[in-house]
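For reference, the chains in residue letters:
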Protein chains: 2
Amino acid sequence: MKKHTWTTSLLSLSLGIIFGSTNVIAANEPIQPIKAVTPENADVTELGKMLFFDPRLSKSGFISCNSCHNLSMGGTDNIKTSIGHKWQQGPINAPTVLNSSMNLAQFWDGRAKDLKEQAGGPIANPKEMGFTHEMAEKVIASIPQYRDHFKKAFGSDEVTIDRITTAIAQFEETLVTPGSKFDKWLEGDKNALNKDELEGYNLFKSNGCVQCHNGPAVGGTTYQKMGVYKPYETKNPATGRMAVTGKEEDRNFFKVPVLRNIELTYPYFHDGEAATLEQAVETMGRIQLNREFNKDEISKIVAFLKTLTGDQPNIQIPILPPSNNSTPRPQPF
Amino acid sequence: MKKHTWTTSLLSLSLGIIFGSTNVIAANEPIQPIKAVTPENADVTELGKMLFFDPRLSKSGFISCNSCHNLSMGGTDNIKTSIGHKWQQGPINAPTVLNSSMNLAQFWDGRAKDLKEQAGGPIANPKEMGFTHEMAEKVIASIPQYRDHFKKAFGSDEVTIDRITTAIAQFEETLVTPGSKFDKWLEGDKNALNKDELEGYNLFKSNGCVQCHNGPAVGGTTYQKMGVYKPYETKNPATGRMAVTGKEEDRNFFKVPVLRNIELTYPYFHDGEAATLEQAVETMGRIQLNREFNKDEISKIVAFLKTLTGDQPNIQIPILPPSNNSTPRPQPF
């Protein structure tokens, strides 16, 4: 094992020399840099962007994917639990859409296997967008300019929920955030992190945070129990994985959230009850790791976490084609 | 008078020949082309764009200017009357923000003298964004990155509602839509309109629509009574100008809406009760002009109206600076 690591390091070093890259540090780190994504099919992602911003996928005509996964605000709504159709209070904190393709599954309880499956959920959830898949298809299909986009993207102008969610998911797959200070450090720029940030990263590793928050997204790869050493006190009734598997042993297991752009995606935890990063770090230490972090440690870990903010996606807002006389009208009230 | 017109035409023609332009037609038309706007101060408009998209100007943290004046949808929300704080039903149809600087005053009843005065209204309206100016200032002032933008824009980092609304208004002044088919025609491209569209324009003029819908914005320059020949039947209690002046003779006088981008800004009238352009044209003819337009006339006028859709503003969505530990939190529920 030691030999393997050494070989890998040597290989990286050699490749670094050969290719002029400097990603020596990254090879031994449990977190990997985020890579920019080139869309597989630009017509599909462009259509997906339009649909992501189109509130006509909701019954009210007021709520779009971007309402709760706001790309101006780290792909979240920055409120504890989301506002849904007729201002219903959502059951859980809206996870960021940024880098979400790196999650092992979607939603806090992982009940959707991928972004495509996820995208259909809120549209038809009476507490979220309050619509039906059939009505969403009917609205979009009534608009000739949309049908042209479907033809370009999929080869025919047929509008189905399967195609709608495929396009949204492919757009979402482009929403990655490379270029963070931490990634620059991972890629060999030793000055990218200051002393506190680096000490924070070392505390993050030495205290075991990284056991769950690892990989390029710094999370999203496993389900873990919320409350390993001490129970997590919350009024939120979500049971996590148990809701999917029906097994008592899965109670309070949630998908480990990604920590990329964590400075932007407040408030924290599935119930949104941690308002600040300091509070989140303190709680995680106490209930997950049995550590009482002191103020200095918390401050350094938070400094490290803030280096995970990457370049936010450059989004030109889409101009949506208008409804016409045959388009079903929204029902907001 | 005749001589003056002739002289003007000749002058335009001569200038056209001298400068190689072809704007001969426009000189005699009651509608003028929209001109692109160069921002007076790019730092102010950039700040204004951020604030326009920032839902933290609302109590809930969910509603921004762009929620009801959605720049993906012709600067409107495309619903009869807007959804406000806690899903309250707004009293009136949200007018488009596009080309709104050309209005003689703002709101349907003209109660705000300009865009700056308008911008403060919804923030503090308990039925709209439900916040207070003091809280809006406090939220924005708590964010150092915003204070930097205020310093760049205004010379000091002081955050006041006056500066907030100045910046929003200056951003809104850039939201103009040149380049429509009709403008191309006005500027001399005779092929820009087809036969029906041109006949529609002539009907629009010969039947008197243009008496109120004129100028570059095709409206916005006067208050007129809704229901000149026949009363306008509506359940909407708005009394128009009377609410501002207190005078009975101003009852049901409303600002003439701009018709630029009218294909995008459905539904129509202050109550949003006209779902289609055909319905709006039929009603206007009947109650304002004492005309019973036939199907063919309506179809041609609508064809003309659709040539008023201009180039929509190119907007890169702003990345909003995050709240921090000192930022007051939204209160959505």
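No experiment lies behind these values; they were computed from the predicted model shown. (Residues numbered from 1 in each chain as written. Chains lettered and ligands numbered in written order. Predicted model: local features only at pLDDT ≥ 70, side-chain atom pairs only at ≥ 80, totals over all residues. Heavy atoms only, no water.)

## Digging into the relation of the copies chain B and chain A
No. 1: Mapping chain B onto chain A calls for a rotation angle of 180° and an axial translation of 0.0 Å; the resulting RMSD is 0.0 Å. What the superposition gives is, in effect, a two-fold axis relating one chain to the other. If distances are taken from each C-alpha of chain B to the rotation axis, the shortest is found for B:Gln316, at 2.2 Å. (Least-squares fit on C-alpha atoms with pLDDT ≥ 70 in both.)

## A look at unusual backbone geometry
No. 1: Between A:Tyr266 and the following residue, A:Pro267, the backbone shows a cis peptide bond with an omega angle of -15°.
No. 2: Checked against the element boundaries, A:Pro267 lands in the loop between β2 (253-255) and α11 (277-288).
No. 3: If you check the backbone angles, A:Trp87 has positive phi at about 70° while not being a glycine.
No. 4: For B:Asn252, which is not glycine, the phi torsion reads 65° and is therefore positive.
No. 5: Positionally, B:Asn252 belongs in the loop between α10 (242-245) and β2 (253-255).
No. 6: Among the residues examined, B:Asn252 registers a relative accessible area of 27% and is labelled partly exposed. (Helix = DSSP H or I, 4+ residues; strand = E, 2+ residues; numbered from the N terminus. Buried < 20%, exposed > 50% of the residue type's maximum accessible area, 1.4 Å probe, protein only.)

## Quick word on the nonpolar core
No. 1: Formed by 78 residues in total, the largest nonpolar core has its most connected members in A:Leu51, A:Leu71, B:Leu51 and B:Leu71.
No. 2: Top element by residues in this core is helix α2 (residues 42-53) of chain A. It accounts for 6 residues. (Core = buried A, V, L, I, M, F, W, Y, C linked by side-chain atoms within 4.5 Å.)

## Quick look at the UniProt feature "domain: Cytochrome c" (unreviewed entry) in chain A
No. 1: Under the UniProt annotation, the feature "domain: Cytochrome c" (unreviewed entry) is placed at residues 43-151 and 195-309 of chain A.
No. 2: Overall, residues 43-151 of chain A shows 39% helix and 0% strand. The separation of its end C-alpha atoms is 9 Å. (UniProt positions renumbered as here; feature names shortened; annotations may be inferred.)

## Some words on the pattern of salt bridges
No. 1: Under the criterion given, the structure shown has 28 salt bridges over all chains.
No. 2: The residue A:Asp183 makes a salt bridge to A:Arg260 at a minimum N-O spacing of 2.9 Å. Of this pair, A:Asp183 sits in helix α8 (residues 181-186) while A:Arg260 sits in the loop between β2 and α11; the two residues are 77 residues apart in sequence, bridging distant segments of the chain. Each member of the pair, A:Asp183 as well as A:Arg260, is classed as buried.
No. 3: In this structure, the salt-bridge partner of B:Glu273 is B:Lys80, at a minimum N-O distance of 3.3 Å. Note that B:Glu273 is positioned in the loop between β2 and α11 (277-288) and B:Lys80 in the loop between α3 (65-68) and α4 (115-124), a separation of 193 residues in sequence. (Salt bridge = Lys/Arg side-chain N within 4 Å of Asp/Glu carboxyl O.)

## Examining the environment of A:Met50
Residue and element names in this part refer to chain A.
No. 1: One can find Met50 in helix α2.
No. 2: On the basis of relative accessible area, Met50 is assigned to the buried category, the value being 4%.
No. 3: Residues Met50 and Ile317, 267 residues apart in the sequence, show an inter-C-alpha distance of 8.3 Å.
No. 4: Residues within four places of Met50 in sequence aside, it is in contact with Tyr146, His149, Pro318, Ile319, Leu320 and Pro321. (Contact = heavy atoms within 4.5 Å.)

## Thoughts on the packing of aromatic side chains
Residue and element names in this part refer to chain A.
No. 1: If you walk through the whole model with that rule in mind, you get 24 aromatic pairs over all chains.
No. 2: Aromatic pair Trp108 and Phe254: ring centres 6.4 Å apart, planes at 85°, arrangement edge-to-face. Taken together, the positions of Trp108 in the loop between α3 (65-68) and α4 (115-124) and Phe254 in strand β2 put the pair 146 residues apart, joining distant regions of the chain.
No. 3: Since its relative accessible area comes to 10%, Trp108 is described here as buried.
No. 4: Centre to centre, the rings of Phe204 and Phe304 are 4.9 Å apart; their planes meet at 55°, and the pair counts as tilted. (Phe/Tyr/Trp six-rings, centres within 6.5 Å; stacked < 30°, edge-to-face > 60°.)

## Some thoughts on the UniProt feature "binding site: heme c 2" (unreviewed entry) in chain A
All names here are of chain A.
No. 1: The UniProt entry lists Cys209, Cys212, His213 and Met284 under the feature "binding site: heme c 2" (unreviewed entry), expressed in the numbering used here. Maximum C-alpha separation among the annotated residues is 11.6 Å over a sequence range of 76 residues, consistent with a single clustered spot.
No. 2: For His213, the position within the fold is in the loop between α9 (195-206) and β1 (223-225).
No. 3: Residue contacts for His213: discarding those within four places in its chain leaves Ile31, Phe204, Val218, Gly219, Val256, Pro257 and Leu259.
No. 4: Relative to the elements of secondary structure, Met284 occurs in helix α11.
No. 5: The partly exposed category is assigned to Met284, whose relative accessible area is 21%.
No. 6: Look past the residues within four positions of Met284 in its chain and what remains in contact with it is Met226, Phe269 and Leu289.

## Some remarks on helix α9 (residues 195-206) of chain B
Note on helix geometry: an α-helix contains 3.6 residues per turn, so any two residues three or four positions apart are oriented the same way.
All names here are of chain B.
No. 1: Counted at 1.5 Å a residue, the expected span for α9 with its 12 residues is 16 Å, and the 16 Å between its end C-alpha atoms agrees.
No. 2: Taken residue by residue, α9 has Glu197, Gly200, Tyr201, Leu203 and Phe204 as its buried positions. Within α9, the buried residues cover an arc of 160° as seen down the axis, which keeps them to one side. In α9, those exposed residues whose orientation departs by more than 90 degrees from the buried face are Lys195 and Ser206.
No. 3: In this structure Asn194 caps α9, since a side-chain oxygen of it lies 3.2 Å from the backbone nitrogen of Asp196.
No. 4: A positive backbone phi angle near 95° is found at Gly208, which sits one or two residues after α9. (Expected span 1.5 Å × (residues − 1). Arc of directions from axis to C-beta. Polar contact = N/O pair within 3.5 Å; in protein donor to acceptor, adjacent residues only side chain to side chain.)

## Some thoughts on empty space enclosed by the protein
No. 1: Scanning the entire structure with this criterion turns up 5 cavities of 30 Å³ or more.
No. 2: When its volume is computed, the largest cavity comes out at roughly 420 Å³.
No. 3: Looking at the largest cavity, it is lined by 24 residues, and the ones nearest its centre are A:Asn66, A:Ser67, A:Asn70, B:Asn66 and B:Ser67.
No. 4: Residues belonging to the lining of the largest cavity are distributed by class as follows: 10 nonpolar, 12 polar and 2 charged.
No. 5: In this structure, the second largest cavity spans a volume of roughly 140 Å³.
No. 6: Around the second largest cavity sit 16 residues that line it, and B:Arg56, B:Ser323, B:Pro328, B:Arg329 and B:Pro330 are the ones nearest its centre.
No. 7: Tallied by class, residues from the lining of the second largest cavity come to 7 nonpolar, 6 polar and 3 charged. (1 Å grid on protein atoms, 1.4 Å probe; cavity = no way out; pocket = protein on both sides within 12 Å on 5 of 7 lines; lining within 4 Å. Points joined across faces, edges and corners; volume = space filled by probe spheres on them. Nonpolar A, V, L, I, M, F, W, Y, C, P; charged D, E, K, R; others polar.)

## Brief notes about the interface of chain B and chain A
No. 1: Opposite the 45 residues of chain B that make contact, chain A presents 46 residues.
No. 2: It is B:Phe62, B:Trp87 and B:Phe333 that lose the most area in chain B upon contact with chain A, and together they represent 22% of the buried surface on that side.
No. 3: Linking chain B to chain A there are 17 residue pairs in polar contact (both at pLDDT 80 or more).
No. 4: A per-class count over the side of chain B that touches chain A returns 22 nonpolar, 17 polar and 6 charged. (Buried area = accessible area lost by both parts, 1.4 Å probe.)

## As for the side chain of B:Thr265
Residue and element names in this part refer to chain B.
No. 1: If you trace the backbone, Thr265 turns up in the loop between β2 and α11.
No. 2: For Thr265, a relative accessible area of 10% puts it in the buried group.
No. 3: Leaving out residues up to four positions away in the same chain, Thr265 has contacts with Gly74, Thr76, Asn78 and Thr96.

## Quick look at the packing of α2(A) against helix α6 (residues 144-154) of chain A
Residue and element names in this part refer to chain A.
No. 1: In the contact formed by α2 and α6, the axes pass within 8 Å of each other and the chain directions differ by 145°. Every pair of crossing elements has a handedness; the one defined by α2 and α6 is left-handed. Only Tyr146, His149, Phe150, Lys152, Ala153 and Phe154 of α6 make contact with α2, whose side of the interface consists of Asp43, Val44, Leu47, Met50 and Leu51.
No. 2: Split by residue class, the contact of α2 with α6 holds 8 nonpolar, 1 polar and 2 charged. (Axes fitted to C-alpha atoms, helices over the stretch in contact; angles between N-to-C directions. Left-handed = near helix turned anticlockwise from the far one by under 90°.)

## Digging into the side chain of B:Gln106
Residue and element names in this part refer to chain B.
No. 1: Relative to the helices and strands, Gln106 resides in the loop between α3 and α4.
No. 2: Side-chain polar atoms of Gln106 contact the backbone oxygen of Ser100, separated by 2.9 Å.
No. 3: Excluding residues within four positions of it along the chain, Gln106 makes contact with Ser100, Arg111, Ala112, Asp114, Leu115, Gln118 and Lys255.

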